[in-house]
Amino acid sequence: MSPWIVGFFALYVYPMLASLYYSFTKYDGGKLAPRWVGLFNYRVMFAHDSYFWLSLRNTIWMVLVSVPLSIVVGVGSAYVLTKPRRGRAFYRTAFFLPTMVPAVAAAVAFLFLLHAGGPIDRILGFLHLPQPLWFLSAQWSKPGLVVIGLWGIGSTMIIFLAALLDVPTHLYEAADIEGASAWQKLRHITLPMISPVIFFTAVIGVIYGFQYFTEAYVVGASIGGAAGSSSSSLGAPQGSTLFYTIWLYQQGFEAFHLGYASAMAWILFAIVMAFTLILIKSSNRWVFYQGGFR
Amino acid sequence: MSGATVAAAVPRTRRRTAEARRKAFLITVANHSVAIALTAAFVLPLFFVVATSLMTDRQMLTHDVIPHPFQWRNYIDIFKEEPLFRYGWNTFVYAGLATVGVIVSSVPVAYALSVIKWRGQRAVFLLVISTMMLPSQVTIVPLFLFFKHLGWVGSLKPLIAPAFLGDAFSIFLLRQFFLTIPSELVDAARVDGANQFQIMWHVVVKVAKPAIAAVGLFQFLYAWNDFFGPLIYSLNNDKIWTLSVGLQQFTTIHRGVQYNQQMAASVVFILPVILLFLIAQKAFIEGVTLTGVKG
């Protein structure tokens, strides 16, 4: 246990207490000691920082869109994998391959793939579909980021695949005898049986969704054109990719407003906890555990 | 199919089976069509990345799909232009040492939380789990100041050292696996007079090799792909940049131009982990499955 105990205190207990303290101070990390300012940081955040609200709105948008979408696409692609009797291993490898691509590389790849007149635009044009400007437009930059996320859906899909294959076949056989339609089977057998996994995925998705950083940082910096530190181009285009953690990073590690960044971190923690608790509270309405089912 | 239709179908069994076979065939075709379409959606982006990485500056802006000629020089050029070997080595050092650290520190903790039984164990386990839910932003400022105080900022040490203090996710995963080990194995070793360390090393680790392999793979990939950590601790010193920071800076400077070189650099970054995955796919998929099912 001892490495973990040392780690627990060095990496969690002390830093948590310290950052809670810093959140009530003004501190730039230099020689000058942190100066106690009470609730000042929190007041500024809520009352005077429009970037805080913008980044929060963008982040909530991202969570609300990408968590449900990744569940739908994850279940959908896992379902497709359960069907073919041959070649499942091949398809699984193919579906999972993009998940291995590092986040920075995926963002760089999609900056190219989604650029105006790029490969994806050409495919959309071929299919007579509209070709949005993606990362150049404030309306389409976040959907572009969602596409990057869905491309790397592999882990979620594998978890759902295991869950789908775990559903006892006798339930489907019983439903077939009673003449249930495919939709009824999905609605009344498959979804309830995999609902614990959906719940697990949603919780993880919310926790990590609020910490969404890398892809947006790479895209924003590239579109905004700031190599290094310049807040003018932050969240380009037009602040549409300014997510909570990016604003926190800018405040903490570019402007060195360490007290303010700590306060933002604690508010983030509170928001994540609130969303997670709502999910947990709602779960006894829609999550069925094997014991309770039949 | 209801009983009535089956009864009506009896005189025409031969035609029925032919029809059923045709239907089964069509369903197979439909299943594979959907699977192939999804395969295309997942794999085509990678194909475009690789193809573009081999195009000339002129060709990469055209509608061509296949490089003509194959300009392998792009790869030589990016290695000349950017110190990719150094970035790669830094990334490898970080990922390799962090993996070793997580395994040697997490296996004993997982062992203490599963095979041995003691009072307060459940509370400690919940504490381990709850650290996974804490956003890293909450601890990052004091940790940064702490490492700055040690003079470690601008080196890989702040990224590697914490790995040796255990990783909650790895502990969780290993514990779930250790719990499935039959207790007879452990009891037998105990009867033979083995101490805790010997039991852990000779019995549990031996049986749990697949789970340990999965945890090692996850950690290696996490570190290989990590961007936030290297960004915070190494931005001021390009001697220790990892591939993720190097690639990000490269594309920001060359944004909108030289897609071929950007894609070549991306391939250099992606290829090692894709190869690792293709080699260790089984351990990997089993590990991912373990996270979800036992979660």
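Position numbers for residues count from 1 along each chain, tracking the sequence in the order it is written. Both sets of labels track the order of writing: A upward for chains, 1 upward for ligands. Given that the model is predicted, a residue must reach a pLDDT of at least 70 before its local features are reported, and side-chain atom pairs must reach 80 or more before they are shown or counted; all residues, however, enter totals for whole chains, interfaces and linings.

### Quick word on the domain arrangement of chain B
Residues and elements named next belong to chain B.
Next up, step 1: An automatic or database domain assignment provides the domain bounds reported here. Split by domain assignment, chain B resolves into domain 1 (3–53) and domain 2 (83–293).
Next up, step 2: Averaged C-alpha coordinates put domain 1 and domain 2 at centres separated by 41 Å.
Next up, step 3: The partner domain 2 presents six residues to the four residues of domain 1 that form the contact.
Next up, step 4: Here the residues of the side of domain 1 that touches domain 2 are counted per class, giving two nonpolar, two polar and no charged. A pair of residues counts as a contact when their C-beta atoms, built from backbone coordinates, are separated by no more than 7 Å. Each residue is assigned to one of three groups, with Ala, Val, Leu, Ile, Met, Phe, Trp, Tyr, Cys and Pro labelled nonpolar, Asp, Glu, Lys and Arg labelled charged, and all others, Gly among them, labelled polar.

### Notes on the packing of helix α5 (residues 103–113) of chain A against helix α7 (residues 141–151) of chain A
All names here are of chain A.
Next up, step 1: Axis definition: a line fitted to C-alpha atoms, over the contacting stretch in the case of helices. Angles run 0 to 180 degrees between N-to-C directions. Counting from the N terminus, the helices are the DSSP runs of H or I reaching at least four residues and the strands are the DSSP runs of E reaching at least two. For the pair α5 and α7, the least separation of the axes is 10 Å and the interaxial angle reads 125 degrees. What the angle tells us is that α5 and α7 run oblique. Along this stretch, α5 crosses α7, giving a crossing that reads as right-handed. Residue-level contacts link Ala106, Ala107 and Phe110 of α5 to Gly144, Val147, Ile148 and Trp151 of α7.
Next up, step 2: Split by residue class, the contact of α5 with α7 holds six nonpolar, one polar and no charged. Here roughly perpendicular refers to angles of 65 to 115 degrees, roughly parallel to angles under 35, roughly antiparallel to angles over 145, and oblique to all remaining angles. Here is the rule for handedness: rotate from the far helix to the near one, and if that takes an anticlockwise turn smaller than a right angle the crossing is left-handed, while a clockwise turn gives right-handed.

### Comments concerning the interface of chain B and chain A
Next up, step 1: Every contact between the two is made by 66 residues of chain B and, on the other side, 69 residues of chain A.
Next up, step 2: Per-element tally for the side of chain B that touches chain A: the top contributor is helix α2 (residues 13–53) of chain B, with 13 residues.
Next up, step 3: Within the side of chain B that touches chain A, the residues separate by chemical class into 39 nonpolar, 25 polar and two charged.

### Here we look at unusual backbone geometry
Next up, step 1: Residue Pro237(A) is bonded to the preceding Ala236(A) through a cis peptide linkage, with omega at -5 degrees.
Next up, step 2: Relative to the elements of secondary structure, Pro237(A) occurs in the loop between α11 (214–224) and α12 (244–254).
Next up, step 3: Omega for the bond connecting His68(B) with Pro69(B) falls within 30 degrees of zero, at 0 degrees, which places this linkage in the cis form.
Next up, step 4: The residue Pro69(B) is located in the loop between α2 and α3 (73–81) in this model.
Next up, step 5: One non-glycine residue, His128(A), adopts positive backbone phi at about 60 degrees.
Next up, step 6: In this fold, His128(A) is placed in the loop between α6 (119–126) and α7.
Next up, step 7: Even without being a glycine, Gln238(A) presents a positive backbone phi close to 50 degrees.

### Digging into helix α13 (residues 243–253) of chain B
Next up, step 1: Here the C-beta atoms are placed from the backbone, and a residue counts as buried if at least 20 other C-beta atoms lie within 10 Å of its own, exposed if 12 or fewer do, and partly exposed otherwise. Among the eleven residues in α13(B), eight count as buried, and that is most of the element.
Next up, step 2: Looking only at α13(B), the buried set comprises Leu243(B), Ser244(B), Val245(B), Gly246(B), Leu247(B), Gln248(B), Phe250(B) and Thr251(B).
Next up, step 3: Its buried side turned inward, α13(B) meets α5 and α11 of chain A together with α4 (84–112), α11 (209–225), α12 (228–234) and α14 (259–279) of chain B.

### Quick notes on the environment of Tyr260(A)
Residue and element names in this part refer to chain A.
Next up, step 1: Looking at the element boundaries, Tyr260 is found in helix α13 (residues 258–286).
Next up, step 2: In this structure, the C-alpha to C-alpha distance between Tyr260 and Ala10, residues 250 residues apart in sequence, is 22 Å.
Next up, step 3: If we ignore the near neighbours within four places in the chain, the residues touching Tyr260 are Asn41 and Gln251.

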